[in-house]
6 protein chains.
Amino acid sequence: MTDIRIIGSPLPNIPWQDKPSDCTAPVWRFSCNPIINRNPLPNVARIFNSAVMPYNDGFIGVFRGEQRDGMPHIYLGHSKNAIDWTFEPEKIPFTNAEGKPFMPIYAYDPRLVKVDDTYYIMWCQDEYGASIGMAKTTDFRTFTRLENPFLPYNRNAVLFPRKIGGNFIMLSRPCDNAHTAFGDIFISESKDMEFWGRHRHVMSPSKNWWDSLKIGAGAAPIETDKGWLLFYHGVVNTCNGYVYSIGAAILDIDQPSRVIHRCSNYILAPEEWYEERGFVPNVCFPCAALCDAESGRIAIYYGCADSYVGIAFATVSELYEYILAHDEVSVTDEEIGLR
Amino acid sequence: MTDIRIIGSPLPNIPWQDKPSDCTAPVWRFSCNPIINRNPLPNVARIFNSAVMPYNDGFIGVFRGEQRDGMPHIYLGHSKNAIDWTFEPEKIPFTNAEGKPFMPIYAYDPRLVKVDDTYYIMWCQDEYGASIGMAKTTDFRTFTRLENPFLPYNRNAVLFPRKIGGNFIMLSRPCDNAHTAFGDIFISESKDMEFWGRHRHVMSPSKNWWDSLKIGAGAAPIETDKGWLLFYHGVVNTCNGYVYSIGAAILDIDQPSRVIHRCSNYILAPEEWYEERGFVPNVCFPCAALCDAESGRIAIYYGCADSYVGIAFATVSELYEYILAHDEVSVTDEEIGLR
Amino acid sequence: MTDIRIIGSPLPNIPWQDKPSDCTAPVWRFSCNPIINRNPLPNVARIFNSAVMPYNDGFIGVFRGEQRDGMPHIYLGHSKNAIDWTFEPEKIPFTNAEGKPFMPIYAYDPRLVKVDDTYYIMWCQDEYGASIGMAKTTDFRTFTRLENPFLPYNRNAVLFPRKIGGNFIMLSRPCDNAHTAFGDIFISESKDMEFWGRHRHVMSPSKNWWDSLKIGAGAAPIETDKGWLLFYHGVVNTCNGYVYSIGAAILDIDQPSRVIHRCSNYILAPEEWYEERGFVPNVCFPCAALCDAESGRIAIYYGCADSYVGIAFATVSELYEYILAHDEVSVTDEEIGLR
Amino acid sequence: MTDIRIIGSPLPNIPWQDKPSDCTAPVWRFSCNPIINRNPLPNVARIFNSAVMPYNDGFIGVFRGEQRDGMPHIYLGHSKNAIDWTFEPEKIPFTNAEGKPFMPIYAYDPRLVKVDDTYYIMWCQDEYGASIGMAKTTDFRTFTRLENPFLPYNRNAVLFPRKIGGNFIMLSRPCDNAHTAFGDIFISESKDMEFWGRHRHVMSPSKNWWDSLKIGAGAAPIETDKGWLLFYHGVVNTCNGYVYSIGAAILDIDQPSRVIHRCSNYILAPEEWYEERGFVPNVCFPCAALCDAESGRIAIYYGCADSYVGIAFATVSELYEYILAHDEVSVTDEEIGLR
Amino acid sequence: MTDIRIIGSPLPNIPWQDKPSDCTAPVWRFSCNPIINRNPLPNVARIFNSAVMPYNDGFIGVFRGEQRDGMPHIYLGHSKNAIDWTFEPEKIPFTNAEGKPFMPIYAYDPRLVKVDDTYYIMWCQDEYGASIGMAKTTDFRTFTRLENPFLPYNRNAVLFPRKIGGNFIMLSRPCDNAHTAFGDIFISESKDMEFWGRHRHVMSPSKNWWDSLKIGAGAAPIETDKGWLLFYHGVVNTCNGYVYSIGAAILDIDQPSRVIHRCSNYILAPEEWYEERGFVPNVCFPCAALCDAESGRIAIYYGCADSYVGIAFATVSELYEYILAHDEVSVTDEEIGLR
Amino acid sequence: MTDIRIIGSPLPNIPWQDKPSDCTAPVWRFSCNPIINRNPLPNVARIFNSAVMPYNDGFIGVFRGEQRDGMPHIYLGHSKNAIDWTFEPEKIPFTNAEGKPFMPIYAYDPRLVKVDDTYYIMWCQDEYGASIGMAKTTDFRTFTRLENPFLPYNRNAVLFPRKIGGNFIMLSRPCDNAHTAFGDIFISESKDMEFWGRHRHVMSPSKNWWDSLKIGAGAAPIETDKGWLLFYHGVVNTCNGYVYSIGAAILDIDQPSRVIHRCSNYILAPEEWYEERGFVPNVCFPCAALCDAESGRIAIYYGCADSYVGIAFATVSELYEYILAHDEVSVTDEEIGLR
C-alpha cells in the first residue's frame, strides 16, 4: 500500500463496510443504498446532492430537498450514525447580517465546510441566473448569509477546509443560466469572505469521454500529506442525455490551482437502479466525504439520479494508488502561458 | 373535511383502494399498477394515455395503442371493473358524415366525453402538423368524424361534459409541430361543434419548476359545487429530458376561463418503475377520471412512461383541501388587460 | 396575351410605371423605391409591411410603424397618389365593442380588406404568443376590435374581399411563438366573424428552394375570371438567414382551398439595396395590391428588409401567363386523403 | 411455414430456446439475458454492441468494451456455447501492413465477417471525426489494419459474407461527427478492399415512427434463397431521447442495393429493464447473428442500453413470413431516377 | 432645457457638429462617419469597438484591431482632433507585474478609464473562455497587467471614473463562452483592484424589443449632478440575427446599482450603410464618450458593424430631457427582495 | 522576390490589372467587379461560385446559375477575355454512359479541371443528401456522367490537374446534409475514376478565427516548383452568421496530403458591397484560378455573396512570399499518429 496519510481528526464512527471480495474497483457502494427514500417529509419529494459533517458526537448535514412544487431548498438533518437521518421539517431559516430573514427563491446542491470554528454553507441560488449563495453558522441555529462571492453564472462552489497563505480558498464552476454544456473548475481567494480575487484555472474537461463535457468540484478537498484529495463530478453527453460520474484528483497542498495527479478513470459511475432511474437518470453527484484520519477510511456521499442519497467507500491509500496508476495530469495554466 | 360535492351520478362500482396509512399526499397509486401490460394485442406494443367512462353496467374506453410500426392509433376497450380490460383487435373504424371510412395517419392521446346523449372522442392527428381530430358516437359501433375544431398546431383537446351558456366548451393546448417546448391551456366555444371562437387563455406554465415548461388539460373537468375540477399535466425540462407530472386546478363554473384555484404542488409525479422507465421515461399523463358523486371518490387514469396505464385514487374533499392549502391562482387575462 | 380579367372596379389613378425594356421578368420595381424613408414620424423609426386601399378619391392605408422602443404598432396613412403618404402621428385607437380603448402590447404586419361596406384590419399581436388580432371600421375614425378568430399561434391572416358560399373566408399561417421555421397556408370560414371552422389546408412550402421553408399569404386575393390571384411570401433558409421572396398562385373561385395554379418561380426576390440591407436583410414581404380592373394593372405593396415600403408593378395578363408557364400545382388535401 | 432456406453451414451448437407459448411476435428474448454483466474486466465497465462468429469448435467474437475512462475499444472473446464468454484482458493489438502497432484513439461497434478464408473486422474510429476502420485476420492473433474504406463521417459498416459480381460489398451509414439526427444505409463495392466505388443508396428511414429518424445496418446479411436477410437498427426521436429498435429487410441476392422486402414493423424494441435502463436507455442494437442453415434457427446478438449484450431468437421461415405479412418495399433509386 | 450639469473638466476641443435641422432625435451622427477606414494598418483589417480619452493637448485611444488572421488585439492610437487617428503599428505591449511580456491570445472591445492619475484598460480575453482582462498605465508606454477581476465568463467590463465609498466600481456583463443569448449588467466593488465583491445587479434586458435579448455597459459613466449617465448597448434577436443599438440610463450617484432613469427608446440604432453592412451587420456598439463639462456636449464613439468607428453627438441636457420623457425605471433588486 | 515558378503553360491573355499603389495586401480586386450582373439569363437570377479555364483561343467555364425557382444548376459560358461572358441559355445536358439524359435535382458550386486531354466537372448534387457529382467532356458538347466518387455527405470536390503516382487525386470536404458547422479537407486517390481509396486528411480549421469553423478546397491546385498552390475558403461563425474568406496553402508536390506551408492570414475577405450584401452576405468563395506560367500572374475567380462573380489578382512570387511570412503549417496526420 502506498504511504499516504489524511491530515485531520480521527472519526472512528465513520460509516463503513468492507470491500466486497469480487470488487476490483477502488470504490464500492454501501449495500443499503439508497439511505434516504422518496418523500422523506410531507412537502419534500426527494432528497439528494447533500453534504454531511461530524458534529458533536454524531453528524449533521445540509440537504437538498426537492419540494412538491418542484423548487429545491436546503434542509437541516441530524444523525447518530451518518446513515439514518432525521430532518428538520422546515427549510433552513437564513438571515442577513442584520438578522432579517433571507430566503432565496430556490437553493440547491449545498456544501458544508468548517474553517476554523465556523461552518460555511455554499449553494446555488437565483441571482438573475444561477449564482453562488453562502452563509455561515456556529451553532446550526442561526445561519447568517454572506455576500455572494462571485458574479453569476456559477454553480458548485466548494470551500477548502482551511486557509492557505492566509486566505480563504474556494473552488467553483462558472456556467451559463441553463443546462450548461461546458464547464471548468476555477479557484479563487479572499482575505475576508467578502472580496474575492486571484482567480485561477484548475481543471478542464478531459479527452477521456466520461468527463469530456463538463466537470465540477464535489466534496470539500481532503488534506493529505500528498496534497488535497478532490472528488469531482464529470459529465459525458450521450445521445440520450448527460451521464454524471465521480472522479478524483490531487491538488498541490500550497498552490491548489496546480493539479498534481488526476485519475483518467472515473472512480464511480451510474450502475445501480437508484443511480440509473429517477428524476434525472444516470447521475452520481458527490457533495461531501467523511474521512477517518486514523484508518484512512473515506465515505463519499453522493446524490443518485436527482432522487436519492447514496454512500460509497474507499481507503485513502488504495484510492491514491489507483489515481497514480491512471494518472493524467492536466495541462496547467503555466505551461500554456496563461499566467 | 371541506364541504365540496361532485355534481353528477353515483358510480358505486368505481375502482377503489383506501389510502395507505403512511401516505401524506392527497393522491395515491393503485397497488396493482400498471393495469395493462406490454403487447396487449398482437400488433399493439403498448397502451397508455387513454380515457375511460362508465357505460351500461360496466366501462368503456378509448385507448392509445402504439402499433409495432411505431404509429399510434385508437382502440376500443371494454371492462366490467374498469381495471381488467379487453380490447377490440382492430382500430376504431371512423367514418365521415357520408359514412365513408376515415382513418388518420396516426391518432393519439384520445379523450372521451359525454355531452347530453352523445359521446365525443378527441385526439391528436396529422393535418400538415399535429392537430385536433374529433368524432362522435352514440353506440360505440358507428363513429362519425366531425370537423377539426382548430387550425394546427394543437394537442390535448378536452371537451367539457356539458354546455355552458348554450355553447360547447373545449380546452386545448396550441403547440408547434415538434416536441413543443412551450404550451398554455386555452378555451374555446362553439354553438354547433363546427365553428369555434371566443378563444380565451386559461393557464400558463407557472414559476414553480414542476410545471414550468408547458401544461395541457388532462381529464374532462369534473363538475363540483365549487367549480370545475381540472386535472392537467405539467412539464419540467431537466438536463436529461422532460418530466410530466399531474396537477390540479379549479375553474369557475360559469366562466371556465377563470382559474379560481390552482395547486402550486403537483399531485402525482413519476416515482415508480413503471413511470420512470419505458419508451418515454418519467411521464405521468392523465387522460380521464372516474368519479362517484356519492362518495366523492375519484380514480384518475394516467399514462405511465408512454408504456403503461396506471390508476391513482383521491377523494374530492381531501384533494380540494390540498388545492386550497397550496393555492396559487394564476394571473387572469382580465387583470393583465388582454380582454 | 392570355385572356384573363380582374373582377372589380376600375382604379384609373393606380400608381404606374411601364416595364423597363430590358426586363424579362413579369414584375418590375418602381424606380423611386423605397417610397417611405426612415424615421417618418418622431417616434417611428421604420415603416414597412403595410397595406393600402383606394378610399374616397385617394388612398388610405394601415402601416406597421416600428417605434423607437422597438415595438411595432399600426398607424393610419393617407395619400392622394398612393406613393406619397402622410401619417397620423398616433397609433390607431382601437376600441372594444363597448367603446373602451383597446391597445395590444404590439401589433404588426397589418392587412386591410373591404367586405361589403366594412373595412377589416387583421394583424399579429401577443395573446400569450403570436396571434391574429382583428378590427373593423367604416369611417377610419372608429376601429372596433373583433374576437380573435383563431387560437394562438398564428400570423399572416388575410381575409377574402367577398364572402364565398355565404361565409367569410380567411387565410392564415399557423406557427409557433418564435422565429417559426415552418409554415403552411390554411383557410377557414365563418358565418359571423366570431366563430370559425371548416379549416382546410391550402398550400405547403414547395420543393423549390425559394419557398422551401415556410409560406404565408400576402395581399388580399384579387378576384379574376380564372380564379383568385394570391400573392404570398416564400422563405428559404440560407446559411446566413432567411430570404423572403414573393410568389403567386391562383385559387379556385368557389372553393378557394383548391390551388389551381402555382408558380414554381418567385415573381420578386431581394435584389436592391433597400431589400438586401436593413433591420432584417433580404426581405420582400407583400401585404397589399392595388389593381385596376379596366387596364389589368397591378401595384404590389411590399415591405423591404423590415425597413422600407416598396412598390412593384405587373399586369394581370402577363402575370397569369407567367404563372401558367411555370405552373406547379400543389398536391391537394383531397388527393392525399385528408378530407 | 413459408419455404425459405438459409444458404450456409449447419451450426448445430447455435444457442437456442424455444419460443414461449404466449409470445405472438416473430422474435423472442433469451430468458437469461443479459449474458454479459457489468465490469467484466478490471478496466472494462460495460460490454455491448458486439459481434460473434463460429470458430473452430466453439465461438469467437469482437466486443465493444467501454473502459473506465469512458473510451471504447475492441476486445476479443472466446466461448464454447456462445453464451458464456471469456475475454482477453487487453485490447485487440492491431498492426499496420508493416507490422507496426496501430491503436485508434477509440474504436466501437465492431462487426466481424468472414469472406473466403479471411475474417474482417469493421468498426467506428476517430479520423478527424467518426469514420470506418477495418482490419483482417486469419488466426485471431495477428490483426492487420486495412485502409479506411470511406471518407468521414461514417458509422455502421457491415461487409457481406461473400463477394458479389467479383467485388467485395459493404453497407455503411454516412453521418456527421456528433449524435447524428439523420442516416440512410448505402452500399459500396471494391475489387481490392482498398479502392471503393459504385456507391448506391439502399434504404432511408421510413414513414413509420419506429425507424423514422435514422437507420443503420446491424448484422452481416444472411444469405437465403429468397435474398439477403438484413437486420438493422431503426431510431425514433421521442421527447426524451432516441429509441433504437431492430428491423428486418430482404435485399436482392445479386443486386443487393435493391430492397425486395422491408418489414414495416420492428422485430424487437426495448421492453426489458436491461434494454430500457443503462448508460444510454432504450437501445436494442444488433451487431451479429448466428444461424443454422439446417434448422433455420437464428440467434441475434444485440447491445442493450449501451450496457449489456442480449440474445434474441427467431426461425428464418417465421421471420420471413412476418416480413412478407408487413411488407413495405422502399422506393428504390431506380424509380426516382437517381441512377 | 432641463437643468443638468456634467461634473468634470472642460474639453473645448471635443469634436462637434451641430444637430441637423431635420433631426427629431436626441442623438445625431457625424457627417463624415466612418472616421476610420478598412485596412488601417498592414496587418489590421478593421478597427472598431474602441475607446478614446483626452490626453495632453490631444487625444489617445485603445482600439480593437482585427488582424488579418481574424484575431482581435488592442492597438494604441493618437489624435489631435479625436477624428483623424494614427496608430502604433504593433499591439500594445502588456507586461505583468514583474515586467515580463504578457500577450493574450486575443483581446477585444477595450475600454479606457482614468481613475485618479492612472489609466485603466479593460478588455475581453480568453481565460478558458471569454473573461475580463485589465491593465494600467500612467504614461502609455508601460502597460502593467492587473489580476483578472472576475471569474469567466464575462464581457463588457467598464470602470467608473472615480471611486465611490472608497472603492473602485466596475460594471460587467456575465455571459457564456459563445454568442451569448442573454445578459444583464452587474456592478462590483474593490478596495485594491485585486479582490472584488459586493456584486449587485443593475439592469436586465427590458420588455421593449430593441434591448430585449441582452444588454452591456458601453462608455465609462459620465458624472452629472443628476446621477451617472450610462450609455449601453441593447440587443434584439431578429429572424436574421442580432441588432445592436445604443441606450441610455441614469444611475444613482452614490449607489450606482440603483437605476434612477432608463430610456425606453434607443438613442441610436443601425440605419446607415456603415452600420448595416460589414463583418457583423447591424451593430452600433458604444465604447467611449467624450464630454465637455462646460458646454454639455457629448461625443459618443461607437463601433459600426464590427468594421468601422463612428461618432455621434448629443448635449447632456437634451439627452436627459429625452430620457425623462421616455423613462422606464427598471425594477431594482431591493424591490424584488434580492438584497 | 522569391524564386517560385508556376509549372504550366503561358497564358498571355490572362485578365490583369496592376496592383493599386496603396494596397499592402498580396491580393487585389478587379476594379470592374462584379463581372456578371443579376439576372444574366431569363430564368437565371444570379451566377456565382463558378469555374473557368482557357479553351481554344479564349475561355470556357461552368457556372452556378441560380434559377428563379431557387434551384441551382450548371450552365456553360464562353468568353474571349475571361471577363465578359455569354452563357448557353439551357443547363448543361449531362448524359450517362449509355447516352441517356441525366439531370440532377440540383447542382451547384462546379469546378472544372483538365487532366490529360479530358475536362472533368465536379459539383454538389443531391444523392439522399449533399454529394459529389462528376462528369467528363472533351468537346464541351457531350458531357458524360461518371460514378459519384464518394458516399454522401460531401461538398467542394476539386481534382488535381494531373495524376500523381499514376492515380487521379481529389480533394473534398465531408459534411452533413444541412448548413454544416464543421469541415476539414481530405484527399483521395483513384486508378480509374470509379473506385476511390487511400483517403487522407489534409487540413483542419485553424485556431485563427477567420477559418476556425470549416474550410474547403477552392480552385484546382496550381503546380509550382515549390509545391501545389491551393486556394481554399475558410469560414468563421460570427454572432450574425458565417463569413467566408479566401486562404492559401502549399501542398507537397508528390504527397499532396502533406501541407508544406499554410498562410495564417486570409488573402481576401469580404469588404466590398458586392461581397457583403446579397443573397448570402459576407461570402468570398473561390472556385477557379487562371495562371500565366510565364509572368506568374494569377487571376482568382470567386463567388461574391452568393450573388455575383468577382476576380482578384496576385503574382505567384508575391503570394508565396506572403504565405512564407505568415506560415503556420498544420499538424499532419503522421505527427499525431493517425497513419
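Residues numbered from 1 in each chain as written. Chains lettered and ligands numbered in written order. Predicted model: local features only at pLDDT ≥ 70, side-chain atom pairs only at ≥ 80, totals over all residues. Heavy atoms only, no water.

The next point concerns the pattern of salt bridges. This structure, assessed with the given rule, holds 80 salt bridges over all chains. A salt bridge links C:Asp225 to C:Lys226; the nearest nitrogen and oxygen atoms lie 3.8 Å apart. A salt bridge links D:Arg64 to D:Glu66; its shortest N-O distance comes to 3.0 Å. Note on accessibility: D:Arg64 and D:Glu66 belong to one class, buried. One salt-bridge network, in which partners are shared between bridges, spans A:Arg38, A:Arg277 and B:Glu276. (Salt bridge = Lys/Arg side-chain N within 4 Å of Asp/Glu carboxyl O. Buried < 20%, exposed > 50% of the residue type's maximum accessible area, 1.4 Å probe, protein only.)

The next subject is the confidence of the model for chain A. Per-residue pLDDT for chain A has a mean of 95; in total, 96% of the residues score no lower than 70. With pTM at 0.96, the complex prediction returns an ipTM value of 0.94. (pLDDT = per-residue confidence, 0-100.)

In this section: the pairing of strand 17 (residues 227-238) of chain E. Residues and elements named next belong to chain E. Counting buried residues in strand 17 gives eleven out of twelve residues, a clear majority hidden from the surface. In the sheet, strand 15 (residues 214-217) pairs with strand 17 via four bridges, with the strands oriented antiparallel. Bridge pairing in strand 17 links Lys 214 to Val 235. Bridging between strand 16 (residues 222-224) and strand 17 involves three bridges; their strand directions are antiparallel. Note on strand 17: the bridge partner recorded for Glu 223 is Trp 228. The antiparallel hairpin formed by strand 16 and strand 17 contains two residues in its connecting segment. Here strand 17 pairs with strand 18 (residues 241-251) via eleven bridges, running antiparallel. Across the sheet, Asn 237 pairs through a bridge with Tyr 242, a residue of strand 18. Linkage of strand 17 to strand 18, two consecutive antiparallel strands, is achieved through a turn of two residues. (Helix = DSSP H or I, 4+ residues; strand = E, 2+ residues; numbered from the N terminus. Pairing = 2+ DSSP bridges.)

Relative to chain A, chain E is turned by 180° and slid 0.0 Å along the rotation axis, the superposed coordinates differing by an RMSD of 0.0 Å. Taken together, the rotation and translation describe the operation of a two-fold axis. A high fraction, 100%, of the interface residues of chain E reappear at the interface in chain A, so the copies pair face to face through one surface. (Least-squares fit on C-alpha atoms with pLDDT ≥ 70 in both. Contact = heavy atoms within 4.5 Å.)

Time to look at the packing of aromatic side chains. Summed over the entire model, instances satisfying the criterion amount to 144 aromatic pairs over all chains. Relative to A:Tyr232, the ring of A:Trp210 lies with its centre 5.9 Å away and its plane at 35°, an arrangement referred to as tilted. Here A:Tyr232 lies in strand 17 (residues 227-238) and A:Trp210 lies in the loop between strand 14 (195-203) and strand 15 (214-217), a separation of 22 residues in the sequence. For the pair shown, A:Trp210 and A:Tyr232 are each scored as buried. On the numbers, 5.6 Å between centres and 80° between planes, the contact of D:Trp16 with D:Trp28 is edge-to-face. With D:Trp16 in the segment before strand 1 (28-29) and D:Trp28 in strand 1, the pair connects residues that are twelve residues apart, well separated along the chain. With respect to class, D:Trp16 is no different from D:Trp28; both count as buried. Put simply, the rings of A:Tyr55, A:Phe94, A:Tyr119, A:Trp123, A:Phe140 and A:Phe143 touch in pairs and so form one group of aromatic residues. Against the face of B:Phe102 rests B:Arg145, its NZ or CZ located 4.0 Å from the ring centre. (Phe/Tyr/Trp six-rings, centres within 6.5 Å; stacked < 30°, edge-to-face > 60°. Lys NZ or Arg CZ within 6 Å of the ring centre and 35° of its normal.)

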